[in-house]
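Observations on chain architecture
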Amino acid sequence: MKARLYAPGPVEVPPLVLEATARVPHHRTAAFKEAMLQVREGLAKVACVPGEDVIILAGSGTSAFEAGLLACVPRGAKVIGLAAGKFGERWVKLARHYGYAVVEHAVAWGRDFDLSELAPLLRAHRDAYAVTVVHSETSTGVLHDVAAIAAAVREVLPEALVLVDAVTSLGVTELRPRDWGLDGMFAGSQKGLLTPPGLAFAWLSERAWASERDLNPSFYLDLRKERAQQRQGQTAYTPAVSLVMGLKVALAMLLEEGLERVWIRRERLSRAVLAAGEVVGCRIFAERVSPAVAALLAPDGLDAPAIVKGFAARGARIAGGQDHLKERLFRPSMMGYADAYDAVTVAAILEDVLRELGRPLPYGAAVGAAMRVLAEA
Ligand SMILES: *Cc1c(COP(=O)(O)O)cnc(C)c1O
């Protein structure tokens, strides 16, 4: 059986990227230094901050936000954590772990933040040093409007830093940290950047870099130490050389296709999967849909884990729901190495699985809905 990876991370890696990872260049060679500098340049372009520092760490995405938080938020400072899903909650846990004074603002999973609720919250915490938020909340499929959130924060708390988890938006959908007034953008290699897990990325604004008082930086994940080294094409410690070689190829692929085309393609594929789901009785879970993941509620009377299992029995891995949504939600993703026919494949498998689970669906029901979306120019 052919194995297919349609999970919201790690994603299907293009063969050319995989091939490139089959190398272990020594990190102190001129050739590797050259590769590092190219990756830095490509990464900054993909992050819409051309020419700026996007620090590359050896770790999963979480390591980048840990590094970022410790790099710009003073010990014990107040942090407002906006949480509307698993990853927003992770930021809150992380900040609490390090002893920050955390104010959690939670909204129901699947919902977007209501800006009119945000203003009074911010006014009640004028001493907040930073606000954390997830751009694409993978657990719910919601794309939060971080540009609007950053503007709302600026209005009430002009000094506060806005730190954004962009793990499933970098390379997936429009993300402009500088234009949107963000102060921190953190991501990982195994989602929109088409590379195996193991690299994490961090970008900070000037004022975040300038926030140097009373910090408690991590010894290993020290962004300032890395910045000094990485500007020279070096790293403070042994870099994940093989992954850097793969990332170089992945970035070239994304930039060759064109960032905006990539965003449009991914949005269309994900929309096709959602349309396929809707036509067979699933409901879209997200109030404001992220193209990173098609979060679908199982049709009434069916358990989501049975659907996930049905996909797995056909060689295809998708994600189920997390925490309280385990029984209700399933989440295929088109964020990896995928084209239009992958969306059609997901639709075909979904149909098959639902028929097996006792739904009398006509052949082609979901496939047709997906293809109609894909056919729209
Ligand atoms: C995958 C993901 C992460 C990163 O998790 P790691 O396992 O540390 O790579 C963080 N935030 C979001 C929104 C994600 O989808």
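Quick summary incoming for the structure in this document. (Residues numbered from 1 in each chain as written. Predicted model: local features only at pLDDT ≥ 70, side-chain atom pairs only at ≥ 80, totals over all residues. Heavy atoms only, no water.)

1. Looking at the site of the ligand
Residues in contact with the ligand amount to 14 residues; listed here are only the nearest, Ser60, Thr62, Thr138, Asp165 and Lys191. Note that a nitrogen atom of the ligand is positioned 2.6 Å from one of the side-chain N or O atoms of aspartate 165. A distance of 2.7 Å separates an oxygen atom of the ligand from a polar atom in the side chain of glutamine 190. When the ligand is considered free in solution it has 380 Å² of accessible area, and contact with the protein chains removes 89% of it. Looking at the shell around the ligand, the elements that each hand over two or more residues are α3 (61–72) and α4 (86–97). The residue makeup of the shell around the ligand, split by class, is four nonpolar, seven polar and three charged. (Near = heavy atom within 4 Å. Polar contact = N/O pair within 3.5 Å; in protein donor to acceptor, adjacent residues only side chain to side chain. Areas by Shrake-Rupley, 256 points an atom, 1.4 Å probe, with all protein chains shown as cover. Helix = DSSP H or I, 4+ residues; strand = E, 2+ residues; numbered from the N terminus. Nonpolar A, V, L, I, M, F, W, Y, C, P; charged D, E, K, R; others polar.)

2. Focus on the sheet that holds strand β12 (residues 296–297)
Within a sheet, each strand pairs with its neighbour through backbone hydrogen bonds, oriented either parallel or antiparallel. The sheet built from four strands is open, its strands ordered β11-β12-β15-β14 with antiparallel pairing. The sheet is open, and its two borders are formed by β11 (283–284) and β14 (319–320), each paired with just one other strand. Bridge count for β11 against β12 is two bridges, and the pairing is antiparallel. Within β12, the position partnered with arginine 283 by the bridge is leucine 297. Taken strand by strand, helix α11 (residues 304–313) contacts β14 and β15 (329–331), and its axis lies near 30° from that of β15. (Pairing = 2+ DSSP bridges. Contact = heavy atoms within 4.5 Å. Axes fitted to C-alpha atoms, helices over the stretch in contact; angles between N-to-C directions.)

3. Some remarks on helix α9 (residues 241–257)
An ideal rise of 1.5 Å per residue puts 24 Å on 17 residues; α9 measures up with 25 Å between its terminal C-alpha atoms. By the burial criterion, the buried members of α9 are Val241, Ser242, Leu243, Val244, Met245, Gly246, Leu247, Ala250, Leu251 and Leu254. Against α1 (15–20), α2 (30–46), β10 (199–204) and α10 (259–279) lie the buried residues of α9. One or two positions beyond α9, positive phi appears at glycine 258, with a value near 100°. (Expected span 1.5 Å × (residues − 1). Buried < 20%, exposed > 50% of the residue type's maximum accessible area, 1.4 Å probe, protein only.)

4. Quick look at the pattern of salt bridges
With the rule as written, the count across this model stands at 22 salt bridges. Linking arginine 40 and aspartate 53 is a salt bridge whose minimum nitrogen-to-oxygen distance equals 2.7 Å. With arginine 40 in helix α2 and aspartate 53 in the loop between α2 and β2 (55–58), the pair connects residues that are 13 residues apart, well separated along the chain. Overall, arginine 40 belongs to the buried group, its relative accessible area being 12%. Accessibility expressed as a relative area gives 10% for aspartate 53, which makes it buried. For the salt bridge of aspartate 127 with lysine 78, the shortest nitrogen-to-oxygen distance reads 3.1 Å. Of this pair, aspartate 127 sits in the loop between α5 (115–124) and β5 (128–134) while lysine 78 sits in strand β3 (residues 78–83), placing them 49 residues apart in sequence. (Salt bridge = Lys/Arg side-chain N within 4 Å of Asp/Glu carboxyl O.)

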